[in-house]
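Here are the chains, one letter per residue:
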Amino acid sequence: MPSPASSASPQPPAPARQGQSWSMEPGESREAREPGPGAETAAAPRWEEAKTFYDNLAPKKKPKSPRPQNAVTIAVSSRALFRMDEEQRIYTEQGVEEYVRYQLEHENEPFSPGPAFPFVKALEAVNKRLRELYPDSEDVFDIVLMTNNHAQVGVRLINSINHYDLFIERFCMTGGNSPICYLKAYHTNLYLSADAEKVREAIDEGIAAATIFSPSRDVVVSQSQLRVAFDGDAVLFSDESERIVKAHGLDRFFEHEKAHENKPLAQGPLKGFLEALGRLQKKFYSKGLRLECPIRTYLVTARSAASSGARALKTLRSWGLETDEALFLAGAPKGPLLEKIRPHIFFDDQMFHVAGAQEMGTVAAHVPYGVAQTPRRAAPAKQAPSAQ
């Protein structure tokens, strides 16, 4: 039977202390027992090893959650953050009771990452840099899990968030009711969901929102720099110019843009989110870190540069905003360019651009705003609610 000492967990090495007395074994000389001139130097690594051992035992202190009114609040649904395809199938086919039972039985199994997961990880990487530079500032990203799931499902969501070491302290679980009414209370700057109807509700309430889609294939994205790509018209800008195209064609559109080049476009639904990103970028610029800024933004538009690009850039300038890169594609597909950019998320108001981005491995999000949207029917067909 092993002794208590032999069964104990391994202990860190204990370096000799200054002034420690030494007892000599019979027949041992003092010269052989006393530490030599290099003993103090040799002990230093052992001290470092012991310190590392005890530091790893101490619980890591999590940062304090900012007040919502001071932060850039990103609300994500559970199906945006995690893959819940099987759970959604059970909910749709077998109902809420079976769905909750399944979640409880599997609550110790973490969900797989969903389409918004890399985006959220990138937000947290930016927060880490901001807290290093501005320890007392609350002007950081604050991520809120916004879901109409039953509260009983919350344990599995919490376990999944802890499994991936995500810093998400704010949950809103509405037990089947729409969470949209809570978005303004959280001062939401952006809402991402897999439920298109919930996103439309948010847009109608004046909240920046988009339906997020998984890419057709996985592409490695940056872990140290948040990259966000925006379409222009009906995303950052209003749909004024798209209405001209649809009503009168491209030639009239080019004439209109040239005549109104110095008149800023009205703002679109995601202008405020770009503004928030720009505010955080300037916190890095003020520290001389423009070239090392962990946030990079892109304008990726079907506009032509020579015939209609100036108005887009002058509009951003009039707002005091900019994007790090501006890509005018003159109607060319956006997918191949996005494959090179590798953004964490790309926002567009037209589904065929979203689909093209998906095919090339980009996480794309549809903004249901403007004239390009399919008109809603007066009495939409009843569909099963989703477990967000």
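Residues numbered from 1 in each chain as written. Predicted model: local features only at pLDDT ≥ 70, side-chain atom pairs only at ≥ 80, totals over all residues. Heavy atoms only, no water.

1. Focus on the overall build of the chain
Secondary structure summary: the chain contains 15 helices and twelve strands in total. In the chain, which comprises 388 residues, the proportion classed as buried is 45%. The contacts of the chain with a sequence gap of at least 6 include a subset with a gap of at least 24, amounting to 76%. Within the structure as shown, the chain displays about 20,700 Å² of accessible surface, and the carbon and sulfur contribution to it stands at 51%. (Helix = DSSP H or I, 4+ residues; strand = E, 2+ residues; numbered from the N terminus. Buried < 20%, exposed > 50% of the residue type's maximum accessible area, 1.4 Å probe, protein only. Contact = heavy atoms within 4.5 Å. Areas by Shrake-Rupley, 256 points an atom, 1.4 Å probe, with all protein chains shown as cover.)

2. Things to note about the pairing of strand S9 (residues 295-301)
Counting buried positions along S9 yields six of seven residues, so the element is predominantly enclosed. Summarising the sheet, strand S8 (residues 226-230) and S9 pair through five bridges and their orientation is parallel. Bridge pairing in S9 links Phe230 to Leu299. Of the strand pairs in this sheet, S9 and strand S10 (residues 325-328) are connected by four bridges, and their pairing is parallel. Bridging from a neighbouring strand, Tyr298 pairs with Glu325 of S10. With respect to chirality, the unit in which S9 leads through helix H13 (residues 305-318) into the neighbouring parallel S10 is right-handed. (Pairing = 2+ DSSP bridges. Right-handed = clockwise from strand over helix to strand, strands pointing away.)

3. Some remarks on helix H6 (residues 96-105)
Restricting attention to buried positions, one finds in H6 the residues Tyr99, Val100, Tyr102 and Gln103. All buried residues of H6 fall inside an arc of 160° around its axis, so they share one side. Those residues of H6 that are exposed and aimed more than 90 degrees away from the buried face are Glu97 and Glu105. Looking at the packing, one finds that the buried side of H6 touches helix H5 (85-94) and helix H8 (154-163). (Arc of directions from axis to C-beta.)

4. Comments concerning the pattern of salt bridges
Pairing is possible between side chains that carry opposite charge, provided their charged atoms lie close to one another. Per the stated rule, a full pass over the model turns up 24 salt bridges. Between Glu339 and Arg217 there is a salt bridge; the shortest N-O distance is 2.9 Å. Linking Glu339 in helix H14 (residues 335-341) with Arg217 in the loop between strand S7 (209-213) and S8, this pair joins segments that are 122 residues apart in sequence. By relative accessible area, which is 25% here, Glu339 ends up partly exposed. Overall, the relative accessible area of 36% leaves Arg217 in the partly exposed class. Among the salt bridges present, the one from Arg303 reaches Glu257, with a minimum N-O distance of 2.8 Å. Taken together, the positions of Arg303 in the loop between S9 and H13 and Glu257 in helix H11 (residues 250-259) put the pair 46 residues apart, joining distant regions of the chain. Summarising the burial analysis for this pair, Arg303 and Glu257 share the class buried. Here the residues in one salt-bridge network are Asp233, Glu240, Glu257, Arg303 and Arg311, joined through shared partners. (Salt bridge = Lys/Arg side-chain N within 4 Å of Asp/Glu carboxyl O.)

5. A closer look at the state of the cysteines
Taken as a whole and judged by the stated rule, the model has zero disulfides. Cysteine Cys172 remains unbridged, with the sulfur of Cys181 as its closest cysteine sulfur at 7.3 Å. (Disulfide = S-S within 2.5 Å.)

6. A look at the packing of helix H7 (residues 117-133) against helix H12 (residues 271-285)
The packing of two helices is summarised by the inter-axis angle and the distance between the axes. Viewed as axis vectors pointing N to C, H7 and H12 meet at an angle of 35°, and their least axial separation amounts to 10 Å. Where H7 crosses over H12, the handedness of that crossing is left-handed. Along its contact with H7, which presents Phe119, Val126, Arg129, Leu130 and Leu133, the element H12 presents Phe273, Leu280, Lys283 and Phe284. Its residues placed into classes, the contact of H7 with H12 shows seven nonpolar, no polar and two charged. (Axes fitted to C-alpha atoms, helices over the stretch in contact; angles between N-to-C directions. Left-handed = near helix turned anticlockwise from the far one by under 90°. Nonpolar A, V, L, I, M, F, W, Y, C, P; charged D, E, K, R; others polar.)

In short, the description is geometric, and any link to function would need to be established separately.
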